[in-house]
Amino acid sequence: MSFKDYNFAGKKVLVRVDFNVPLDKETLEITDDTRIKAALPTLNKIIADGGSVIVMSHLGRPKLGFEDKFSLKHIVSHLSDLLGKEVKFCKDSIGEEAQKMSNDLKKGEVMLLENLRFYKHETAGDLYFAEELSKLADFYVNDAFGTAHRAHASTTMVANFFSGNKSFGMLLENEINSLEKVLKNPKEPFTAIIGGAKVSGKINVIENLMDKVTDIIIGGGMSYTFIKAQGGNVGSSLVEDNQMATALKIIEKAKAKGVNLHIPTDTVIANKFSNDAEIDECDIFEVPEGWMGLDIGRNSIEQFKEVVMNSSTILWNGPMGVFEMENFEKGTKSIAYSVVEATKNGCYSLIGGGDSVAAINKYGLGKEVSYVSTGGGAMLEYLEGKQLPGVIAMNNPTGFELRED
Ligand code: AMP
């Protein structure tokens, strides 16, 4: 059953959201409320049905116990504004006070529990803590995709105490559906654009996608390992020497499987890792000593654009260069605009992974692609073909089933 099919009238619903938002260090005001806004459809649906909502989340990485700067009390008034109703705040996440507040909660009312990670039991996936949370409600909704790859108490363990009375929220459901759409049922040609810093961080994703895609575009820092492995001179570009064999294996595998692997042919180079470095462009196999490649070059942009424009499905994870610096953002920006163009022509485009999302938002293009994922690590694990504990727990009507690693 989909989340939309449930009627929450009269139900006490415990909703795990991801309100791990950035706060200003001085004022402790929210500097980016994207994650809060992303949870609103789920919260509003429960409220509109006449259910009452017990919202829970983590915020930051507190070491042990209460720390003011990680308190979810800083979120309360903004959440109230966004929901257009009062949000009651409980200074604890479990125990007597939480229980009393939940018991007193009326139809359509909302309460927020204190940061779950003030208890070390949360990240430890403690069963006792999960059971205590479960006592606050009679239905559990998980809408926190960003932590679905963690077997934490509130994201995984707690689901086991709700047997049939549990569901993904709208956000998590959308995330899974969009990932399934590209992984299980992609319209071809299907292009994966993989960039970012290192081969080692993305190797499992590339391996898993190799059986599903028609084209793979490699960009970003990881390209130089591919080039050095093939005998190129990459100067002082980012290279993982211990991944060169892996890079060669990927090239071989792509050939064997008939996947078109596109590696940059030219690169923007700089004499230091800085926006005010001296800049030039060269063949990516001939980066001079003392220079480093920080973006893809203009020929690569043209080649990649053509591949993107011919695609019917695109999955993009990781920038093409150091897009945070204006002088090295052209590759990422150009690819972002071509993905938007392809989307306009009917291509399904899924963007995910912290930095590609940051990039697409930097250019204000978030609404012009098919889907922007909210989960960095969770999305990567999904793309690697791993089962996410938070998803397994939800699909499992009763009892426990955890993945082996
Ligand atoms: P990841 O988290 O692995 O997706 O990597 C993203 C980071 O890779 C961004 O912060 C980029 O600045 C960085 N990056 C992209 N291209 C390069 C490059 N050519 N050299 C060094 N860092 C890069």
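Above: the structure in question.
Before going into details, it helps to say that this report is about the structure given with it. (Residues numbered from 1 in each chain as written. Predicted model: local features only at pLDDT ≥ 70, side-chain atom pairs only at ≥ 80, totals over all residues. Heavy atoms only, no water.)

1. Observations regarding the site of the ligand
Taken together, 14 residues surround the ligand, and among them Ala 197, Lys 202, Gly 293, Glu 324 and Asp 355 come closest. Contact distances for the ligand include 3.0 Å between an oxygen atom and a side-chain N or O atom of Lys 202. The side chain of Asp 355 places a nitrogen or oxygen atom 3.3 Å from an oxygen atom of the ligand. Summarising the interface, the protein chains cover 78% of the accessible area of the ligand, which totals 510 Å² for the free molecule. (Near = heavy atom within 4 Å. Polar contact = N/O pair within 3.5 Å; in protein donor to acceptor, adjacent residues only side chain to side chain. Areas by Shrake-Rupley, 256 points an atom, 1.4 Å probe, with all protein chains shown as cover.)

2. A word on the sheet that holds strand β3 (residues 87-90)
One open sheet accounts for six strands, arranged β3-β4-β2-β1-β5-β6; its pairing is parallel. Edge positions in the open sheet fall to β3 and β6 (166-168), since each of these has one partner strand only. With strand direction ignored, the average angle separating the axes of adjacent strands in the sheet is 25°. Bridge count between strand β1 (residues 12-16) and strand β2 (residues 52-56): five bridges; the pairing is parallel. Note that in β2 the partner of Val 13 across the bridge is Val 53. Taken strand by strand, helix α3 (residues 96-104) contacts β1, β2, β3 and β4 (110-113), and its axis lies near 160° from that of β3. (Pairing = 2+ DSSP bridges. Helix = DSSP H or I, 4+ residues; strand = E, 2+ residues; numbered from the N terminus. Axes fitted to C-alpha atoms, helices over the stretch in contact; angles between N-to-C directions. Contact = heavy atoms within 4.5 Å.)

3. A few points about the side chain of Ser 178
Note that Ser 178 resides in helix α6 (residues 170-184). Once you skip the residues sitting within four places of it in the chain, Ser 178 turns out to touch Tyr 348, Leu 350 and Tyr 371.

4. Digging into the packing of aromatic side chains
For the structure on display, the rule yields seven aromatic pairs. Seen from their ring centres, Tyr 119 and Phe 129 are 5.0 Å apart, and the 35° between their planes marks the pair as tilted. Here Phe 129 lies in helix α5 (residues 127-134) and Tyr 119 lies in the loop between β4 and α4 (120-123), a separation of 10 residues in the sequence. A relative accessible area of 23% places Tyr 119 in the partly exposed class. Arranged with centres 5.8 Å apart and planes meeting at 25°, the rings of Tyr 140 and Phe 162 form a pair that is stacked. Placement of Tyr 140 in strand β5 (residues 139-142) and of Phe 162 in the loop between β5 and β6 is noted, with a sequence separation of 22 residues between them. Exposure class is identical for Tyr 140 and Phe 162. Each is buried. Put simply, the rings of Phe 3, Tyr 6, Phe 8 and Phe 139 pair up and form one aromatic cluster. (Phe/Tyr/Trp six-rings, centres within 6.5 Å; stacked < 30°, edge-to-face > 60°. Buried < 20%, exposed > 50% of the residue type's maximum accessible area, 1.4 Å probe, protein only.)

5. Regarding the sheet that holds strand β11 (residues 266-270)
Reading across the sheet, the three strands line up as β12-β11-β14 and stay open at both edges, with antiparallel pairing between neighbours. Two strands close off the open sheet at either side, each with one partner strand: β12 (279-283) and β14 (292-296). Strand after strand, the sheet turns through a mean of 40° between neighbouring axes, direction not considered. Inspection of the sheet shows β11 paired to β14 by four bridges, in the antiparallel sense. Its bridge partner being in β14, Val 268 is matched across the sheet by Asp 295. On top of the sheet, helix α10 (residues 298-309) reaches β11, β12 and β14; it is set at about 35° to β14, its chief contact.

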